[in-house]
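# Commentary on secondary and tertiary structure
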Amino acid sequence: MPAVSKGDGMRGLAVFISDIRNCKSKEAEIKRINKELANIRSKFKGDKALDGYSKKKYVCKLLFIFLLGHDIDFGHMEAVNLLSSNKYTEKQIGYLFISVLVNSNSELIRLINNAIKNDLSSRNPTFMCLALHCIANVGSREMAEAFAGEIPRILVAGDTMDSVKQSAALCLLRLYKTSPDLVLMGEWTSRVVHLLNDQHMIVSSASTDLQDYTYYFVPAPWLSCKLLRLLQCYPPPEDGAVKGRLVECLETILNKAQEPPKSKKVQHSNAKNAILFEAISLIIHYDSEPNLLVRACNQLGQFLQHRETNLRYLALESMCTLASSEFSHEAVKTHIETVINALKTERDVSVRQRAADLLYAMCDRSNAKQIVAEMLSYLETADYSIREEMVLKVAILAEKYAVDYSWYVDTILNLIRIAGDYVSEEVWYRVIQIVINRDDVQGYAAKTVFEALQAPACHENMVKVGGYILGEFGNLIAGDPRSSPLVQFNLLHSKFHLCSVPTRALLLSAYIKFINLFPETKSTIQEVLRSDSQIRNSDVELQQRAVEYLKLSSIASTDVLATVLEEMPPFPERESSILAKLKKKKGPGAVSVNELEEGKREGGELNGGGERGDNSAIASTPSPSADLLGLRTGPPVTAAAPSAGSLLVDVFSEADPATPLPESNELFVCKNNGVLFENQLLQIGIKSEYRQNLGRMYLFYGNKTSVQFITFTTTLNVQSKPVEPLIEGGAQVQQVINIECLTDFSDAPLLNIKFRYGGALQNLTLKLPVTINKFFQPTEMASHDFFQRWKQLSLPQQEAQKIFKANHAMDTEVLKAKLLGLGMALLENVDPNPENFVCAGVIQTKAQQVGSLLRLEPNAQAQNLGGRSVLHPACSTINSCVDSLCVCCGLRGEGGGRKVKQKDGSGASLPSLLFYPQNFSRKNCTLAVSLEHSL
Amino acid sequence: MIGGLFIYNHKGEVLISRVYRDDIGRNAVDAFRVNVIHARQQVRSPVTNIARTSFFHVKRSNIWLAAVTKQNVNAAMVFEFLYKMCDVMTAYFGKISEENIKNNFVLIYELLDEILDFGYPQNSETGALKTFITQQGIKGQHQTKEEQSQITSQVTGQIGWRREGIKYRRNELFLDVLESVNLLMSPQGQVLSAHVSGRVVMKSYLSGMPECKFGMNDKIVIDKQGKGGTTDEPGKSGKQSIAIDDCTFHQCVRLSKFDSERSISFIPPDGEYELMRYRTTKDIILPFRVIPLVREVGRTKLEVKVVIKSNFKPSLLAQKIEVRIPTPLNTSGVQVICMKGKAKYKASENAIVWKIKRMAGMKESQISAEIELLPTNDKKKWARPPISMNFEVPFAPSGLKVRYLKVFESKLNYSDHDVIKWVRYIGRSGIYETRC
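Residues numbered from 1 in each chain as written. Chains lettered and ligands numbered in written order. Predicted model: local features only at pLDDT ≥ 70, side-chain atom pairs only at ≥ 80, totals over all residues. Heavy atoms only, no water.

By the naming in an unreviewed UniProt entry, chain B is Adaptor related protein complex 2 subunit mu 1a, taken from Cyprinus carpio carpio. Listed in UniProt under the heading Subunit (unreviewed entry), the comment for chain B reads: "Adaptor protein complex 2 (AP-2) is a heterotetramer composed of two large adaptins (alpha-type subunit and beta-type subunit), a medium adaptin (mu-type subunit) and a small adaptin (sigma-type subunit)." Its UniProt record, at the heading Sequence similarities (unreviewed entry), says of chain B: "Belongs to the adaptor complexes medium subunit family." (UniProt positions renumbered as here; feature names shortened; annotations may be inferred.)

For chain A, the name recorded in an unreviewed UniProt entry is AP-2 complex subunit alpha, with Cyprinus carpio carpio as its organism. Quoted straight from UniProt, the Subunit (unreviewed entry) entry for chain A says "Adaptor protein complex 2 (AP-2) is a heterotetramer composed of two large adaptins (alpha-type subunit AP2A1 or AP2A2 and beta-type subunit AP2B1), a medium adaptin (mu-type subunit AP2M1) and a small adaptin (sigma-type subunit AP2S1)." According to the UniProt record, the Sequence similarities (unreviewed entry) comment for chain A is "Belongs to the adaptor complexes large subunit family."

This is the structure we're talking about:
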């Protein structure tokens, strides 16, 4: 490069810069800059031509002002003019200004490109280099578009100088990195390879001037490193001979690294170590040479105690990857003490982080307890930045390698105690999943949390775990007078006021569970729920829970309570939520996730859990049988479930107790048993059975009050045995109704109930859930049979069709259960479309027998349940059945459906008879409701 | 309460550091420097919270004064204190500059000990302070015991701002009504916002413990008197009275009397002090009207014509008139023609500054300028900042008039008539802008 001549000193620029530096305040600086800008503007005004020197000087000043952080909106033209100058310094400043300041969408870009093109095609190597540097510095897509064709030509041209080639190669690399699609490798790769024996640009640039070069006794360290790194881009060589040579090379490198240093200079050891580390990462990359791996591990082990922090860091990092290899895992494990020591004593947090990563990677069943204990003890003093990750790691290790669950529970509770703030939701969810799924730890867990909660200051996560576990398994430790139910409750409640809303909500759920577990605490808890701070809480969720739990506890009988508040069922097996969380977290912690999952499979006995939340008292009852569900969920649902919207009103309004369930009959289309009616006085349950045209119905009248009902009479337009005129408080009487279907009917029989409660006469009229489909006799038939009959029934009055929208996602199992409940036979493998459901049945009346067919065509995409249900000729009442079916399958009656929407829209969770962590309530409830609906 | 007080120079070097409470650590000094003085984007809020510590700062030229506290203090009180502190320092050693502060640091620490005690503001009356904090070294030898006890009783007494036994041969007082008028006007001459903030500053050289009563044309008082049927005609009094939006008084004014009778009565401190501060927004006399005319001729030229009209009695003379016409950021040259005064393009401020020394009322003057522009890449249009103006007029733009200032000193033998009274009105421009 030509030396800068003395005249190019640019005195004006120096003066300006020193003026700026001498400014005492920001204001003064801005004033000076404004003055200078005005000066430059007046110079650039174009009255008289500026010579190259002043142009360069002013462009330089503009550049300096820009670098000080001020906007520059002029001077670009002058800078572009400088590009065409023949003086190196002027050209250089022009290029500098352009690479710093010109944005790609400027109008000047064509002028600039033109200037660059001129320089590229000039014979002057300095100018070519400047142009290439500018292209690389800007490196935009536009640049790539303009010059992607030109640069390779320069690179491979025979007469280009080496330094230009180097620049061209680097420039090309830069363009290739920004827009690989524009730089077409194919055309010129072969020529480049041919020329430099290597296609890789870094190597090509390096190889041009780094051959036969010894740097502090290490031959060509940069080249070696680059070559080793290049080899890491390829899979291990297939050819045995090549492989042998490679292994030999690697061994030599390892040997050389062992030799005593030839120089005490830091450069010597740096170069040597650089090559060694690259070699080791190549060995790790190949992962097929056990003895090399072990040797590498041992050599890294020496670095673990090196006094150079960077080396320790690198050693730990490489070891981390070594630990994941099956060959060197054992070798890595021998360094455990050193690593633990590093974790405790390293002064640099990044090195400690690596040590923690390594411990995590080298952990297996044999050393899990030690490592987890060490990590836990370190956690107390750990740096804040790595705490959360540490916590996750401890949680995963504890779970993965847990041999006995009490240890696991201890570990996690310790974790929460030590670093509660950093324990994410996932961690404590996981504990609960595991405790619930494992019977043998439940008692121990309850005892441990109880003890942990006794600390005066507990972390909120601990309270959550405590609330959940005591709510579920408090009874297991209730025998001990020190942890009697009341003591447990008081302990939990002492934390209540210090907790956030979600935790409080969880605690409220725990309280209602307590009422179920320990009836003796009922009055105390009700007192708490009734207090203004709960029942009038400003938080909607808390208030709702308090109100509902209070009502639930006072209304529902113990049996009902026991059913609703049953112990949580085991969680389905899923991927550990903690693992998922760690995966989400970027960084070195996630390096060995694959390996972790493998480990998880072997340590699978613990993984009973999954996300809690898919489960709830209702949804958990796994059987799709409608009858069973109907029976079990009936009573509590009416008390609190959202679907029974009108009932919910009943519970609270004392005014008219005799509002029958509007949609109750629809509920009973597909099922035979359940609760027909309920208010705060009376509950009527139904159990019915049908055979051919005969049916028998058992009505159960339950007195929910403590006062007797007098003159209890029921009248029915069907034959019935008289019922006992007196129902004692809390008692239940049974009434049997025999039903015979004479001919088809549309209106269900009405049941009139009269009784005296206290002094008042109560009058109730209910529809008995007797519909024509109850008298279906399922019929099996083959495919062609079915379609033959189907086609025969083509008259309009023989056909009823209904297309309706499903309110809920369709579940095949649920639909099947419902169709079966309808009473017809579900024909498998009849319809060519497997999505469709086809049923056949015969309605049995005394007068006649009517065959009917049904076809349900769900349209999954549109969420439509396009039901074309051809049923029965001439039997108009069947239409109502179709309607009912529609209702059952998805089109819920107005009342219920709307109620749900309201509930959902308000953001509050549904009346929660379920016991679940707050966060999941929404999802759960919709699930529960949809099931409830479909019954 | 204030936990500490720091003074920094423009570089952020600490000149004065006084910590009053233990909850303020040593690092608080650095926290303010790093987060406020050296902050990349300029911190515009005068209150900054850093690590649960609040910093209240004011800037005087290049000097930063920062009060720091960990408590939830009354911010207005802190700022009032800081301003008072500035006043006190100015009264002692003149302009607040780095050099002055360095030269007087002993005095400043002494003052800080006196005006703040454990973070609670104490007597910050300059006159009172000057009696016992002096720059002449220890005065103890000259002071008699009597004098010392007098200081104590004065500082701790009911009238802490005035000592007993002051004697003047000539009883004299000077009353300055200083107002600054703020205006934002649309190019069409519509007033967008206008208010006057004024101060009544009094310099009193009165003997003994005189009881003073100050009267001005406050609308409420005048109306009350008008109802009482005094000599003033009701119509006339309505015109001449002004509506005061809010006002604050020096501590010597008896607020209870003001509340009940709206009369301002007080025993004044000796020397100069600010009797009251007030603000009005109605019926403001705008001393000048600026009529801008900006015409863009193509992309490279701009023609500006500005006319100013003075709008007050022809007998009065406005002074120190300065009109500042902003120029676009890509100005490359300016030609100015003006009939009166001097006009110059100041590149460092991106503005044309037009100065007129004196101008009588009901006159008008005009400037026209041709601005050459450099074409730029930027598509952004020039934001056209408003034209601002500075001036000084010898009347109160709010219309405030001093009606009387009566002095009663029953113990000494001089009466109200013997006191020589001087009243002066000065109206200055605050932010006086017209959009163009």
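### Things to note about the overall build of chain B
Helices and strands together make up the secondary structure of chain B, namely nine helices and 23 strands. Per-residue burial over chain B gives 45% buried out of 436 residues. Long-range pairs, those at least 24 residues apart, make up 70% of the contacts in chain B with a sequence separation of at least 6. (Helix = DSSP H or I, 4+ residues; strand = E, 2+ residues; numbered from the N terminus. Buried < 20%, exposed > 50% of the residue type's maximum accessible area, 1.4 Å probe, protein only. Contact = heavy atoms within 4.5 Å.)

### Remarks on the confidence of the model for chain B
Residues and elements named next belong to chain B. Summing up the model confidence of chain B, the mean pLDDT is 87 and the portion of residues at 70 or higher is 94%. The model gives residues 229–238 a pLDDT under 50, and that stretch makes three contacts with residues more than four places away or in other chains. The ipTM for the predicted assembly is 0.73, set against a pTM of 0.50. (pLDDT = per-residue confidence, 0-100.)

### Side note on helix α26 (residues 460–473) of chain A
Between its first and last C-alpha atoms α26 of chain A spans 19 Å; for 14 residues at 1.5 Å apiece the expected length is 20 Å, and the two agree. In terms of residue burial, α26 of chain A counts as a mostly covered element, since 13 of its 14 residues are buried. (Expected span 1.5 Å × (residues − 1).)

### Some points on the sheet that holds strand β4 (residues 53–60) of chain B
Residues and elements named next belong to chain B. Read from one edge to the other, the open sheet built from five strands follows the order β2-β1-β5-β4-β3, with strand pairing classed as antiparallel. What marks the edges here is a single partner per strand, and that holds for β2 (14–19) and β3 (47–50). The average undirected angle you get between the axes of adjacent strands in this sheet is 20 degrees. Pairing of strand β1 (residues 4–8) with strand β5 (residues 63–69), which is carried by five bridges, proceeds in the antiparallel orientation. Among the inter-strand pairings, Leu5 is bridged to a residue of β5, identified as Ala67. (Pairing = 2+ DSSP bridges. Axes fitted to C-alpha atoms, helices over the stretch in contact; angles between N-to-C directions.)

### Considering the pairing of strand β14 (residues 288–297) of chain B
When a strand is regular, its side chains alternate between the sheet's two faces. All names here are of chain B. Across 10 bridges, β14 lies against strand β15 (residues 301–310) in antiparallel orientation. Opposite Phe288, over in β15, you have Ser310 as the bridge partner. Between β14 and β15, which pair antiparallel in sequence order, lie three residues; one of them, Gly298, sits at a positive phi of approximately 70 degrees.

### Re the confidence of the model for chain A
All names here are of chain A. Mean pLDDT over chain A stands at 72; residues scoring 70 or higher make up 73%. Helix α1 (residues 11–22) holds the highest mean pLDDT among the elements of chain A, 91, whereas helix α42 (residues 921–934) holds the lowest, 29. Below pLDDT 50 for its whole length, residues 206–210 participates in six contacts with residues either more than four positions away or in separate chains. Predicted confidence for residues 586–663 stays below pLDDT 50, and this span has 179 contacts to residues more than four positions away or in other chains.

### Structural notes on the packing of α26 of chain A against helix α27 (residues 485–496) of chain A
All names here are of chain A. Direction vectors running N to C along α26 and α27 enclose 150 degrees, while the axes themselves pass 11 Å from each other. With respect to their mutual orientation, α26 and α27 come out roughly antiparallel. Like other packed secondary-structure pairs, α26 and α27 cross with a definite hand, here left-handed. Side by side, α26 and α27 meet where Val463, Gly466, Gly467 and Leu470 of the first sit next to Gln488, Leu492 and Lys495 of the second. In terms of residue class, the contact of α26 with α27 is made up of three nonpolar, three polar and one charged. (Parallel < 35°, antiparallel > 145°, perpendicular 65-115°, else oblique. Left-handed = near helix turned anticlockwise from the far one by under 90°. Nonpolar A, V, L, I, M, F, W, Y, C, P; charged D, E, K, R; others polar.)

### Digging into the layout of surface pockets
To locate leftover empty space, one rolls a probe as large as a water molecule over the atoms. If you add up the space inside the largest pocket, you get close to 1,400 Å³. Elements represented by at least two residues in the lining of the largest pocket include exactly α2 (75–93), α5 (126–132), α6 (145–156), β9 (191–205), β11 (246–249) and β13 (271–280) of chain B. Examining the composition of the lining of the largest pocket, we find that seven residues originate from one element, β13 of chain B, more than from any other. Among the residues making up the lining of the largest pocket, the classes are represented as 13 nonpolar, 16 polar and 14 charged. Roughly 860 Å³ of volume is contained in the second largest pocket. What lines the second largest pocket is a set of 32 residues, among which Asp73 of chain A together with Leu329, Asn330, Lys380 and Trp382 of chain B lie closest to the centre. For the lining of the second largest pocket, a count of residues per class yields 14 nonpolar, seven polar and 11 charged. (1 Å grid on protein atoms, 1.4 Å probe; cavity = no way out; pocket = protein on both sides within 12 Å on 5 of 7 lines; lining within 4 Å. Points joined across faces, edges and corners; volume = space filled by probe spheres on them.)

### Some details on unusual backbone geometry
All names here are of chain B. Positive phi is not limited to glycine here, since Arg262 has a value of about 60 degrees. Structurally, Arg262 can be placed in the loop between α9 (255–261) and β12 (264–266). At Asp283, a residue that is not glycine, the phi angle is positive and equals roughly 50 degrees. Of note, Asp283 is situated in the loop between β13 and β14.

### Considerations on the interface of chain B and chain A
Taken together, the 22 residues of chain B in the interface contact 17 residues of chain A. A buried area of about 1,600 Å², summed over both sides, lies between chain B and chain A, and 47% of it is on carbon and sulfur atoms. Summed over the shared surface of chain B and chain A, the result is one salt bridge. Between Glu349 of chain B and Lys31 of chain A there is a salt bridge, and its shortest N-O distance comes to 3.8 Å. It is strand β17 (residues 331–338) of chain B that contributes the most residues to the side of chain B that touches chain A, three residues altogether. (Buried area = accessible area lost by both parts, 1.4 Å probe. Salt bridge = Lys/Arg side-chain N within 4 Å of Asp/Glu carboxyl O.)

### Some words on the environment of Ala478 of chain A
All names here are of chain A. Here Ala478 lies in the loop between α26 and α27. A relative accessible area of 19% places Ala478 in the buried class. Along the chain, Ala478 and Leu517 lie 39 residues apart, while their C-alpha atoms are 9.7 Å from each other. Ignoring anything within four residues of it in the chain, the contact list for Ala478 reads Ser483, Ser484, Pro485, Gln488 and Phe518.

### Overview of the pattern of salt bridges
For the structure shown, the criterion picks out 39 salt bridges over all chains. Ionic pairing is found between Asp416 of chain B and Lys421 of chain B, a salt bridge with its closest N-O pair at 2.7 Å. What you see here is one network of salt bridges that share partners, running through Asp19, Arg32, Glu36 and Lys61 of chain A.

### Considering helix α20 (residues 349–362) of chain A
All names here are of chain A. The first and last C-alpha atoms of α20 sit 20 Å apart over 14 residues, in line with the 20 Å expected at 1.5 Å per residue. With 12 of 14 residues buried, α20 lies mostly within the body of the structure. Listed in full, the buried residues belonging to α20 are Val351, Arg352, Gln353, Arg354, Ala355, Ala356, Asp357, Leu358, Leu359, Tyr360, Ala361 and Met362.

### Examining the packing of aromatic side chains
In this structure the tally under the stated criterion is 22 aromatic pairs over all chains. Ring pairing ties together the aromatic residues Phe489, Phe496, Tyr511, Phe514 and Phe518 of chain A, which thus form one cluster. Against the face of Phe127 of chain A rests Lys91 of chain A, its NZ or CZ located 4.4 Å from the ring centre. Note that Lys130 of chain B overlies the ring of Tyr92 of chain B, its terminal NZ or CZ placed 5.6 Å from the centroid. (Phe/Tyr/Trp six-rings, centres within 6.5 Å; stacked < 30°, edge-to-face > 60°. Lys NZ or Arg CZ within 6 Å of the ring centre and 35° of its normal.)

### Some remarks on the sheet that holds strand β5 (residues 694–703) of chain A
Residue and element names in this part refer to chain A. Taken in spatial order, the four strands make up an open sheet running β3-β4-β5-β7, and their pairing is antiparallel. The open sheet terminates on both sides in strands that have one partner only, identified here as β3 (674–678) and β7 (732–740). For this sheet the average axis-to-axis angle between neighbouring strands, irrespective of direction, equals 25 degrees.

### Structural notes on a nonpolar patch on the surface
All names here are of chain A. A contiguous nonpolar surface patch, about 270 Å² in accessible area, is contributed by Leu67, Leu96 and Val100. Following the sequence through the fold, Val100 ends up in helix α5 (residues 88–101). By relative accessible area, which is 35% here, Val100 ends up partly exposed. (Patch = residues over 30% accessible without salt bridge, like charges linked within 9 Å, V, L, I, M, F, W, Y side chains within 5 Å. Areas by Shrake-Rupley, 256 points an atom, 1.4 Å probe, with all protein chains shown as cover.)

### Concerning the state of the cysteines
All names here are of chain B. Enumeration over the complete set of coordinates arrives at zero disulfides over all chains. Left without a disulfide partner, Cys252 is nearest to the cysteine sulfur of Cys212, which lies 8.4 Å away. Given the relative accessible area of 4%, Cys252 is considered buried. (Disulfide = S-S within 2.5 Å.)

### Description of the pairing of β13 of chain B
All names here are of chain B. Pairing analysis gives nine bridges linking β9 to β13, with the strands arranged antiparallel. Note that in β13 the partner of Lys203 across the bridge is Glu272. Bridge count for β11 against β13 is four bridges, and the pairing is antiparallel. Residue pairing in the sheet places Thr248 in a bridge with Arg277 of β13.

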